[in-house]
Structures are given as C-alpha cells and as structure tokens.
Amino acid sequence: MDQLIGSPLSAAADASIRLANSTADFINKVGFDADGNVRNVAFRYEKRSTNDDGTSNLDEMKVDVPMLAIVPIPNLQVDEVNILFDMEVKQSERSETAVDVGATITGTARLGIISVSVSGSVSAHQANTRSSDNSAKYHVDVRATNHGTPEGLARVLDMMAANVAPSLVGSTLKDGNGQNLSEQARIKAEKLKALRNEINQIENRLSAAQDGLSASIVQLKKVGQSQLNVYQSIMTSKMNSVDKPNAGTAEGGGTAGNSNEAIEKYSIAMDTVNQSWNSFQNKASDVIKMIADQKNDNEASEKKTVSNLFALKSIKDDGAVAEYGAGETYYDSLLVAQQNAVERQKVVNQTENELLTKKNEYSSAISGPSQTTPSTTPSS
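Predicted model, so just to flag it, every value in this text is computed and none were measured. (Residues numbered from 1 in each chain as written. Predicted model: local features only at pLDDT ≥ 70, side-chain atom pairs only at ≥ 80, totals over all residues. Heavy atoms only, no water.)

Chemist: It is not clear to me how the overall build of the chain should be interpreted in this structure. Could you clarify?
Modeler: Scanning the chain from N- to C-terminus turns up seven helices and nine strands. By the burial criterion, 24% of the 380 residues in the chain qualify as buried. Looking at the chain as shown, the accessible area adds up to about 25400 Å², and 50% of this sits on carbon and sulfur atoms. (Helix = DSSP H or I, 4+ residues; strand = E, 2+ residues; numbered from the N terminus. Buried < 20%, exposed > 50% of the residue type's maximum accessible area, 1.4 Å probe, protein only. Areas by Shrake-Rupley, 256 points an atom, 1.4 Å probe, with all protein chains shown as cover.)

Following this line, the structure appears as structure tokens:
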C-alpha cells in the first residue's frame with residue numbers, strides 16, 4: 001500500500017522541482033546575458049515635432065525594454081494530483097488428504113451354537129491444493145497550470161519598467177512640410193533649437209530650485225510651530241497655577257478678583273502670541289521673498305537676526321508679551337531656517353531672471369532683425 005500511494009506522489013513532487021528549474025533556466029538564459037546583465041531589446045522609431053518658428057524636428061528615438069518584460073515567462077506548477085486505483089486480491093486454498101493402507105484382519109469365534117467370522121481392511125487418501133490471485137489497476141489524474149509571473153519577479157520588472165524612457169538618438173531640422181531647409185533657414189533654425197534647449201535646461205533648474213525653496217519654507221514653518229508650542233505650554237502651566245476662586249472668597253472679591261484678572265491677562269497674552277505666529281505661518285513665503293529682494297539685507301544676513309518683518313511675539317516669565325528675540329528656545333533654529341529659505345529664494349529669483357532673458361532672446365531670434373525704412377526729414 002505504501003508503494004501504491006507514495007510512488008505517484010513522489011513522482012509529482014519531482015515534476016514540480018523540474019518545472020521550477022525550467023522557469024529559473026528560462027529567466028537566466030533569456031533575461032540575462034553571459035555577464036549577468038539584463039538583456040534588453042532596442043526599439044527605434046521616429047517622432048516629428050513642430051517648433052515655434054514654423055520648422056519641425058525629425059527626431060530618432062530609441063527605447064530599451066527588458067526582454068523579460070515582453071516575453072511570457074513559463075511558470076507551470078502542479079496544482080492537483082488525484083490518485084485513483086482499484087486493487088483486487090484473490091486468494092483461495094483447498095486441502096485434500098487420503099491414505100491408502102492395505103491391511104486385512106480375519107477372525108472366527110464360536111458362541112454356543114453360533115459361529116461368528118470377522119474380517120476388515122483400512123485405506124487412506126491425502127491431496128493438497130492451493131491457489132492465489134493479486135491484481136491492482138491505477139488511474140492517476142495530474143493538473144498543472146501556468147501561474148503567471150512570480151510576485152518577486154513582477155516587482156523587479158515594475159522597477160525596470162519605471163526606468164524605461166525613450167532617449168533621443170538624433171534630430172534633423174526640417175521645414176513645416178518635412179523638407180530640407182535652405183542654408184540661411186537652417187542656420188536660423190539651429191540657433192533657435194539651441195535656445196530652446198537652453199530654455200528647457202533653465203526650466204529644469206528652476207523647477208529644482210522651487211522644490212528646494214518649498215522644502216525650506218516647510219522647515220521654517222515647522223520650527224515656528226515648535227516655538228509656539230513652547231509658549232502655549234508655558235501659558236497653560238501659568239493658568240493652571242492660578243488659585244481658582246471658591247464660594248467663600250467670591251463675595252469678598254479679594255482672591256477671586258485677583259485670580260480672574262490673572263487668568264484674563266494670560267489669556268489675552270496668549271491670544272496675541274498665537275496671532276503673531278499664525279500670521280507667520282500664512283505669510284512666511286511672502287516675507288522670505290521680501291527679504292531676498294532687498295538690495296541691502298544687513299538685518300537678516302549680516303546681523304544674523306530673525307527678520308522683524310515677521311512681527312513675532314514672545315511671552316516673558318511674568319506672562320507679559322514682548323518682541324521675539326535672541327535667547328528664545330528655537331531662535332537659533334528659526335534663524336538658520338530663515339537663512340536657508342532666503343538663499344533658496346535668491347536662487348529662484350536668479351533662475352527666473354535668467355529664464356526671462358533667454359525667452360526674450362528666443363522671441364527676438366524668431367522675429368528676426370527688424371526691417372526699418374530710413375525716413376527723410378525735410379530740410380528747414
């Protein structure tokens with residue numbers, strides 16, 4: 001019975017191992033070259049684009065696609081094994097025994113007037129017969145299906161696909177109808193093309209500079225919120241330390257009145273501080289731009305102070321409101337964040353000016369030199 005049930009299952013397990021090895025062999029042979037690098041397939045195509053000056057670019061594009069991403073990957077797996085068998089056991093046994101013995105006995109006896117005669121013989125016969133019949137019939141049903149791309153390989157292919165992008169192999173300038181340009185038109189078109197490339201590069205730099213500025217502004221606001229949290233914690237502690245009026249002192253007005261006045265004073269002070277720092281959150285970008293636009297930014301850079309343009313407020317130990325200045329918990333961090341944001345804003349301003357200049361140059365190149373007709377001034 002162990003052979004009848006175990007042998008087909010063992011064969012199915014061996015088949016699963018062979019199927020897994022076939023998938024691994026396919027990936028190694030098809031997906032990678034002899035050096036272990038990903039095998040790519042290069043696709044080339046032409047793309048035509050129209051320029052602002054009426055010319056067109058006939059670009060030859062190329063895209064490298066991993067081989068594993070465009071061919072089906074065999075991934076057969078044994079899903080189910082059904083073993084059905086009929087077993088018939090027949091066993092029969094028959095035994096016969098016979099013994100033949102030849103013996104004769106004779107005797108005579110006289111009983112009165114009667115005479116008796118006795119005779120006898122013994123025989124035996126023995127025979128043995130044994131037969132058996134064992135038979136078994138198998139019916140094995142195995143189902144294997146393709147399970148598609150394995151999860152791990154699918155993630156790798158997704159990362160490869162994310163980096164697949166067309167690259168420019170070559171570009172040829174044509175006129176609006178796709179025909180070759182004249183020499184003069186070609187020179188002008190090449191100049192405009194060079195300017196367009198420079199504009200694209202500047203726009204990319206501007207985008208990166210703006211992202212850096214946004215990150216600096218976010219950091220500046222985070223530091224400001226941390227400073228405000230410190231003030232709120234201080235005021236909450238002070239308000240909780242004030243003796244609360246009770247029924248016995250409320251009528252007299254002494255202790256109760258002082259407590260109410262202290263609570264109201266702290267509340268007004270906290271409102272004033274909250275307003276200044278909430279305003280800081282809303283106008284941080286505008287103030288940073290104002291500081292960066294100043295021709296003489298001694299206040300922010302040379303004196304190394306947080307700009308007064310923020311109009312920030314702080315709370316003293318006695319609960320009084322004062323101007324925000326050095327010595328506060330997050331003052332140094334806020335100053336560093338402000339300086340970083342100002343430097344990023346200056347880079348953005350410079351890049352924007354560079355982009356504007358280059359676009360003006362491009363517009364002038366498209367329009368070409370202005371044709372002026374000399375005017376005649378009547379003589380007096």
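Anyway, onward from the coordinates.
Chemist: Explain the confidence of the model for the chain to me, please; I cannot follow it from the model alone.
Modeler: Caution is warranted with low-pLDDT regions, since their predicted coordinates should not be read in detail. Of all residues in the chain, 73% have pLDDT values of 70 or greater, and the mean over the chain is 78. Looking across the chain, the model is least confident in helix H4 (residues 247–250), with a mean pLDDT of 45, and most confident in helix H7 (residues 331–367), with 92. Throughout residues 247–254 the model reports pLDDT below 50, and contacts reaching past four residues in sequence, or to other chains, amount to four contacts. Predicted confidence for residues 370–380 stays below pLDDT 50, and this span has zero contacts to residues more than four positions away or in other chains. (pLDDT = per-residue confidence, 0-100. Contact = heavy atoms within 4.5 Å.)

Chemist: What exactly am I supposed to notice about the nonpolar core here?
Modeler: Side chains that are nonpolar tend, in soluble globular proteins, to be buried together. By size, the foremost hydrophobic cluster in this structure holds 40 residues, and its most contacted members are Leu220, Trp277, Val306, Phe310, Leu312, Tyr324 and Leu334. Ranked by residue count, the leading element in this core is helix H3 (residues 183–241), at 13 residues. Apart from residues lying up to four places away in sequence, tyrosine 324 is in contact with Gln227, Tyr231, Trp277, Val306, Leu312, Lys313, Ser314, Tyr330, Tyr331 and Leu334. If you look at the next biggest cluster of nonpolar residues, it comprises five residues, including Ile27, Leu68, Ile73 and Leu157. (Core = buried A, V, L, I, M, F, W, Y, C linked by side-chain atoms within 4.5 Å.)

Chemist: Before we go on, may I ask you to explain the packing of aromatic side chains in this structure?
Modeler: Any aromatic ring pair is given by two values, namely how distant the centres are and how the planes are angled relative to each other. Scanning the entire structure with this criterion turns up five aromatic pairs. Through a chain of ring-to-ring contacts, three or more aromatic side chains come together here, namely Tyr231, Trp277, Phe280, Phe310, Tyr324 and Tyr331. (Phe/Tyr/Trp six-rings, centres within 6.5 Å; stacked < 30°, edge-to-face > 60°.)

Chemist: I'm lost on the side chain of serine 216 in this one. Help?
Modeler: Along the chain, serine 216 falls in helix H3. Exposure remark for serine 216: the relative accessible area of 9% places this residue in the buried category. For serine 216, the contacting residues outside a window of four places in its chain are Asn340, Ala341 and Arg344.

Chemist: What exactly am I supposed to notice about the pattern of salt bridges here?
Modeler: It is possible for side chains of opposite charge to pair when their charged atoms get near one another. Taken as a whole and judged by the stated rule, the model has eight salt bridges. Measuring nitrogen to oxygen at the nearest pair gives 3.1 Å for the salt bridge that ties glutamate 60 to arginine 44. Of this pair, glutamate 60 sits in strand E2 (residues 56–66) while arginine 44 sits in strand E1 (residues 40–50), and the two are 16 residues apart along the sequence. Note on arginine 44: relative accessible area 52%, which makes it exposed. Here glutamate 198 makes a salt bridge to lysine 358, at a shortest N to O gap of 2.7 Å. One end of the pair, glutamate 198, is in helix H3; the other, lysine 358, is in helix H7, with 160 residues separating them in the sequence. Assessed through its relative accessible area of 17%, lysine 358 is described here as buried. Through salt bridges that share partners, Glu198, Lys358 and Glu361 make up one connected network. (Salt bridge = Lys/Arg side-chain N within 4 Å of Asp/Glu carboxyl O.)

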